[in-house]
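Chain and residue survey
Residue strings, one per chain:
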Amino acid sequence: LREGNVAYNLPFALKIQGGLDIGAAQKAFESMVRRHEVLRTVYVEQEGRAYQKVLPSKPWVFDIEDLTYLKEPALSKAVSDRVDREARRPFSLEHGPVIRTHLLHLPDLESETVKGRAAEQYLLLITMHHIAADGFSLKVITDEISRAYEAEIHEAKLALPELPIQYADFAHWQKDLFD
């Protein structure tokens, strides 16, 4: 297995303006990772062949960094540095996970107010390995995270249909097709 090649990293960022329930957001990620086995899959090598191993689900915790003390231009540089660092950090396919999150708490927006005070803002950096996702997957993932977050906030049951197959099922089908 070739690890450490950051060319396979899929970084993206979600800008969040207003209040964020960090606990609910972490639980939303946890439900998505639990739902999609490919996000809990590691790849081990035995006798020169790669094998998939699905790890059990566990609580999701954001790597959180408070940047509220910074002012421009130091803030822009710090955010740019964090975005670049996360995009270039390699994954371990053998140990996982193949997705990671880094939440930046940014200074309040002076131009917007919520109930008489400046609005909070965050930048959620999400990086996935291409082995687990592609460009199409990013929309699916952001939609599911949004729905899961809303369900957590409102203490409601997440209403997503069961997945008919997992990625490993699809990979086995493709392997059998070409063998």
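See the structure printed just above.
Because the structure is a prediction, the values reported are computed rather than measured.

Side note on the packing of aromatic side chains
Inspection of the entire model under this criterion finds two aromatic pairs. Ring geometry for F29 versus W60: centroids 6.1 Å apart, planes at 20 degrees, classification stacked. Here the residue F29 occupies a position in helix α1 (residues 22-35), and W60 occupies one in the loop between β3 (49-54) and β4 (63-66), the gap between them amounting to 31 residues. Comparing F29 with W60 shows no difference in burial state: the two are buried.

So, unusual backbone geometry
Each neighbour pair has its own omega, and for E72 with P73 the value is 0 degrees, a cis peptide bond. On the secondary structure map, P73 appears in the loop between β4 and α2 (74-88). Residue P97 is bonded to the preceding G96 through a cis peptide linkage, with omega at -10 degrees. You can see P97 is positioned in the loop between α2 and β5 (99-114). Positive phi values are uncommon outside glycine, yet E47 reaches one of about 50 degrees.

Some words on the nonpolar core
Core analysis: the largest hydrophobic core is formed by 30 residues, its most contacted members being F29, M32, L39, I99 and M128. At the level of elements, β1 (9-17), α1, β5, β6 (117-129) and α3 (135-153) are the ones that each hand at least two residues to this core. For this core, the leading source of residues is α1, giving six residues. Discounting chain neighbours no more than four positions away, the residues touching M32 are L39, I99, I141, E144 and I145. Of all hydrophobic cores here, the second largest spans nine residues; its members include A78, L104, L123 and L125.

Details of the environment of T142
Position of T142 among the secondary structure elements: in helix α3. A residue is classified by how much of its surface remains accessible, and T142, at 18% relative accessible area, is buried. When the C-alpha positions of T142 and L14 are compared, they lie 8.7 Å apart, and in sequence the two are 128 residues distant. Not counting the four nearest positions on each side in its chain, T142 is found in contact with F12 and L14.

Focus: the pattern of salt bridges
Counted according to the given criterion, the structure contains nine salt bridges. In this structure, R35 engages E144 in a salt bridge whose closest nitrogen and oxygen atoms are separated by 3.1 Å. With R35 in helix α1 and E144 in helix α3, this pair connects stretches of sequence that are 109 residues apart. Both residues of the pair, R35 and E144, count as buried. Note that K77 is salt-bridged to D81, the shortest N-O span being 2.9 Å. Taken together, the residues span about one helical turn, with K77 and D81 both in helix α2 at a distance of four residues.

Calculation notes
Residues numbered from 1 in each chain as written. Predicted model: local features only at pLDDT ≥ 70, side-chain atom pairs only at ≥ 80, totals over all residues. Heavy atoms only, no water. Phe/Tyr/Trp six-rings, centres within 6.5 Å; stacked < 30°, edge-to-face > 60°. Helix = DSSP H or I, 4+ residues; strand = E, 2+ residues; numbered from the N terminus. Buried < 20%, exposed > 50% of the residue type's maximum accessible area, 1.4 Å probe, protein only. Core = buried A, V, L, I, M, F, W, Y, C linked by side-chain atoms within 4.5 Å. Contact = heavy atoms within 4.5 Å. Salt bridge = Lys/Arg side-chain N within 4 Å of Asp/Glu carboxyl O.

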